[in-house]
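In case you want the letters, here they are:
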Amino acid sequence: MSVSTPRAVVVDDSHFMRTMLSDMLEDGGVNVVDTAANGAEAVTAVLDHEPDVVTMDLQMPEVDGLEAVERIMDERPTPILMLSAHTADGADVTFEALEKGAVDFFTKPGGEVSTQMSSKEDQLVRKVKAVAGADVRDRRHTPESAADRTTAASTTDGDHQEGATVVIASSTGGPTVVERVVAGLPRAANLRIVVVQHMPDAFTNRFADRLDAASEYDVCEASDGDRIGGGEALVAPGGKHLVVAGAGGGRLRIKLTEEPPEHGVRPAADVTMRSAAETVDGPLVGVVLTGMGADGAAGVQAIDDAGGHVIAQDEASSAVFGMPKRAIERGCVDDVLAGDDVPEAILDATRLEVNA
């Protein structure tokens, strides 16, 4: 769904921030229909105005952003963009908000707020417009569902090809989907997993910790020179491209670079996927999940050209059907599936044909 002139409610306990955000959004073609100083006011504004999108502060008096997200998703599900502090604590609370149904987040700058925020105006407007078009039906997820999927996948019959590599690309609306996908892959499949989620550097380490806790895989944020083997997963760090620089002995060698962004993002999945297609010796699966933009499309084309298998999330289950759509338009996608069906498709793509 596309919303050309979205109607927004801006929520922040700072009058200065509410004014500045409203001005920035209005200048960018977003109609701010109301503002709120706390979570309780936010819920009322959403019920009164039925906006297309809400920008939600996290730390507010009386009713904070987490509780407001929960109430809104209960009473009138609405796409929500969290405004988060660029800190580890801010990351933890932001991921909680995503679990409760928020679509994405945008990091508040520190220091001299007005100068730094103004420099992010275009990025903020693009993200608000993307989130406004998100499908928020049934966006809340529970840890039990991930655990159930892991148990089910672990009982899947069949042997898997040694040294199979999976590269997962995701952006807006992606963290909870990525978590469910990785949680649905049994350790017995012995995959090497690389995740490229568009996310700032203060958040990717916490995201890796969450994937590690939710899955049977050993997951960490990638460092330059890392080597990854079966049963292990790496998350590309915010602000750096992850390149698969070598392969041998059942392991991949990882290099991090600060080459210019692609599609306006760094890390970019295209960089990682192209390098994997050129380097990986063995079965290779590329996965493009929900997100805005075109990152991943050229990457999965390279994987397909190299004989790999390509999976894209379908429109119905994508919060934002941008990245998967661009990949599908390339004509190189083997499977178009709901997010919850992606783990089984990965396993099918890496399973040995016992009767061959």
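Residues numbered from 1 in each chain as written. Predicted model: local features only at pLDDT ≥ 70, side-chain atom pairs only at ≥ 80, totals over all residues. Heavy atoms only, no water.

Listed in full, the buried residues belonging to helix α3 (residues 65-75) are G65, L66, A68, V69, I72 and M73. One side of α3 carries all its buried residues, which in axial view fall inside an arc of 160°. At the N-terminal end of α3, a side-chain oxygen is found 3.3 Å from the backbone nitrogen of L66, two or three residues along, and the residue is D64. (Buried < 20%, exposed > 50% of the residue type's maximum accessible area, 1.4 Å probe, protein only. Helix = DSSP H or I, 4+ residues; strand = E, 2+ residues; numbered from the N terminus. Arc of directions from axis to C-beta. Polar contact = N/O pair within 3.5 Å; in protein donor to acceptor, adjacent residues only side chain to side chain.)

With that settled, consider unusual backbone geometry. Negative phi characterises most residues that are not glycine, and trans characterises most peptide bonds. Note the cis peptide between R266 and P267, where omega equals 15°. Position of P267 relative to the elements: it lies in the loop between β12 (251-257) and α10 (269-279). A positive phi is found at E62, a non-glycine position, where the angle reads about 65°. By the secondary structure assignment, E62 is in the loop between β3 (53-57) and α3. A positive phi is found at N190, a non-glycine position, where the angle reads about 60°.

The subject of this paragraph is the pattern of salt bridges. Per the counting criterion, the structure on display carries 15 salt bridges. Salt bridges linked by common partners bring E99, E179 and R210 together as one network. (Salt bridge = Lys/Arg side-chain N within 4 Å of Asp/Glu carboxyl O.)

Moving on to the side chain of T55. Following the sequence through the fold, T55 ends up in strand β3. Sequence-distant contacts of T55, that is, excluding residues within four places in its chain, are made with V9, V10, V11, L25, L81, L83 and V128. (Contact = heavy atoms within 4.5 Å.)

Taking strand neighbours across the sheet as the criterion, the 3 strands line up as β9-β12-β11 in an open arrangement whose pairing is antiparallel. What marks the edges here is a single partner per strand, and that holds for β9 (227-228) and β11 (241-248). Pairing geometry for β11 and β12, over 7 bridges, is antiparallel. By the bridge assignment for β12, G246 is matched with R253. (Pairing = 2+ DSSP bridges.)

So, about the confidence of the model for the protein chain. The predicted model of the protein chain has a mean per-residue pLDDT of 89, with 87% of residues at 70 or higher. Residue range residues 142-147 is modelled with pLDDT below 50. Its contacts to residues more than four positions away, or to other chains, number 2 contacts. Low pLDDT (under 50) marks residues 149-156, which in the prediction has 16 contacts with non-local residues, meaning those over four places away or in another chain. (pLDDT = per-residue confidence, 0-100.)

The topology assignment puts Q313 in strand β14 (residues 309-313). From its side chain, Q313 meets the backbone nitrogen of T290 in a polar contact 3.0 Å long. Of the polar contacts made by the side chain of Q313, one reaches the backbone oxygen of S317; its length is 2.8 Å. Not counting residues up to four positions away in its chain, the partners in contact with Q313 are V177, V288, L289, T290, S318, F321, P324, V336, L337 and G339.

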